[in-house]
There are 2 protein chains.
Amino acid sequence: MLSEIEGPLYEIKADLFKGLAHPVRIRVLEILSASPDHSCTVGELLGEIGIEASHLSQHLATLRRHRVVTSERTGSAVTYSLAHPKIAELLAIARVFLRDTLAGARALLDEVDARA
Amino acid sequence: MLSEIEGPLYEIKADLFKGLAHPVRIRVLEILSASPDHSCTVGELLGEIGIEASHLSQHLATLRRHRVVTSERTGSAVTYSLAHPKIAELLAIARVFLRDTLAGARALLDEVDARA
DNA sequence: TTATGAGATGATGAAACCATCATATGGTCC
DNA sequence: GGACCATATGATGGTTTCATCATCTCATAA
């Protein structure tokens, strides 16, 4: 806990990006971003993502550890929420960057194809 | 190349975050973000960051591979630039998120301390 | 052409992350 | 309290990333 808080900001940022560096975790965050109140039960996430419950649980634990999501138990159901609106923004910006970058790469590919 | 372009967007996003998931790489990007024209020579980066040249080179190669930076050789000097303005935005948003999150964590810590 | 400066790449072992299965824990109902 | 559902955690081998040293490549000057 303490060890996560302390240290230069660039280290903490890198650590945050580590927490985001897996496809399943991105999917979770995007599903949450698109949900009412930015919240979903684990059951709902399981239905959307379609992986084994324990696999998803491992990834949710990672997201919790990085404080990217919060969880709340209600009876036997657990609801996950985005911990901060900036997470959705982060994903949106990443999408713009990738859209532009991939567009550029595809343009290059098309050019090479046109020459073949 | 092709393999990087193809696949679901959430996989590509996760890959991007992998590229950002190291302190040295964050420092590079932040130094570039803060520089005129978002550009710096490797020599300047070495001076700022103070690690061994080959270590930095490895990280710069990772950033190039993820298309987060571009490089241009001029004589014996190589200049690195941010490949897209959104990268600087990504870092700025991450900072806001972390500032808020860390502030919350510190508040909790202070509370616990106050009880001890 | 050789020497030198700047920067990149190759190689390798250690550390961290991932995939996956087994098991544990929390909650509800009968 | 036991059975069942929902979810989390533990364990372990495989894969990827990281740290670091050695070496290579590009460019320039003499």
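Treat the numbers as computed from the prediction; the structure is a model and nothing was measured. (Residues numbered from 1 in each chain as written. Chains lettered and ligands numbered in written order. Predicted model: local features only at pLDDT ≥ 70, side-chain atom pairs only at ≥ 80, totals over all residues. Heavy atoms only, no water.)

On to the relation of the copies chain A and chain B, then. Aligned on chain B, chain A shows an RMSD of 0.0 Å; the corresponding rotation is 180° and the shift along the axis is 0.0 Å. Seen this way, the second copy is the image of the first under a two-fold rotation axis. For chain A, the residue whose C-alpha comes nearest the rotation axis is A:Phe17, separated from it by 2.6 Å. The overlap is high: 100% of the interface residues of chain A also sit at the interface in chain B, so the same surface is used on both sides. (Least-squares fit on C-alpha atoms with pLDDT ≥ 70 in both. Contact = heavy atoms within 4.5 Å.)

We now examine the sheet that holds strand 1 (residues 39-41) of chain B. Hydrogen bonds between backbone atoms are what pair the strands of a sheet, whose relative direction is either parallel or antiparallel. Residue and element names in this part refer to chain B. Sheet architecture is open: three strands sit in the order 1-3-2, paired in antiparallel fashion. This sheet does not close on itself; its edge strands, each paired only once, are strand 1 and strand 2 (69-74). On average, each strand axis in the sheet is inclined to that of its neighbour by 25°, with strand direction left out of account. Of the pairings in the sheet, the one linking strand 2 to strand 3 (residues 77-82) comprises six bridges and is antiparallel in character. Bridging across to strand 3, valine 69 finds its partner in leucine 82. (Pairing = 2+ DSSP bridges. Helix = DSSP H or I, 4+ residues; strand = E, 2+ residues; numbered from the N terminus. Axes fitted to C-alpha atoms, helices over the stretch in contact; angles between N-to-C directions.)

Using the criterion set out here, one finds one aromatic pair over all chains in the structure. On the numbers, 5.6 Å between centres and 10° between planes, the contact of A:Phe17 with B:Phe17 is stacked. Pair noted here: A:Phe17 is in helix 2 (residues 9-19) and B:Phe17 is in helix 2 (residues 9-19), and the two residues belong to different chains. Judged by relative accessible area, A:Phe17 falls into the buried class, the value being 0%. Here the guanidinium or amino end of B:Arg27 rests over the ring plane of A:Tyr10, the centre of that ring lying 4.9 Å away. (Phe/Tyr/Trp six-rings, centres within 6.5 Å; stacked < 30°, edge-to-face > 60°. Buried < 20%, exposed > 50% of the residue type's maximum accessible area, 1.4 Å probe, protein only. Lys NZ or Arg CZ within 6 Å of the ring centre and 35° of its normal.)

Contacts between chain A and chain B engage 39 residues on the former and 39 residues on the latter. Its largest share of buried area at the contact with chain B, chain A owes to A:Lys13, A:Phe17 and A:Phe97, together 17% of the area lost on that side. Remark: the boundary between chain A and chain B carries two salt bridges. Residue B:Glu30 pairs with A:Lys13 through a salt bridge whose shortest N-O separation is 2.3 Å. On the surface where chain A and chain B come into contact, there are six residue pairs in polar contact (both at pLDDT 80 or more). Breaking the side of chain A that touches chain B down by element, the ones donating at least two residues are helix 1 (2-5), helix 2, helix 3 (23-33) and helix 6 (85-115) of chain A. Of the residues forming the side of chain A that touches chain B, the biggest block, 17 residues, is contributed by helix 6 of chain A. Classifying every residue of the side of chain A that touches chain B gives 24 nonpolar, four polar and eleven charged. (Buried area = accessible area lost by both parts, 1.4 Å probe. Salt bridge = Lys/Arg side-chain N within 4 Å of Asp/Glu carboxyl O. Polar contact = N/O pair within 3.5 Å; in protein donor to acceptor, adjacent residues only side chain to side chain. Nonpolar A, V, L, I, M, F, W, Y, C, P; charged D, E, K, R; others polar.)

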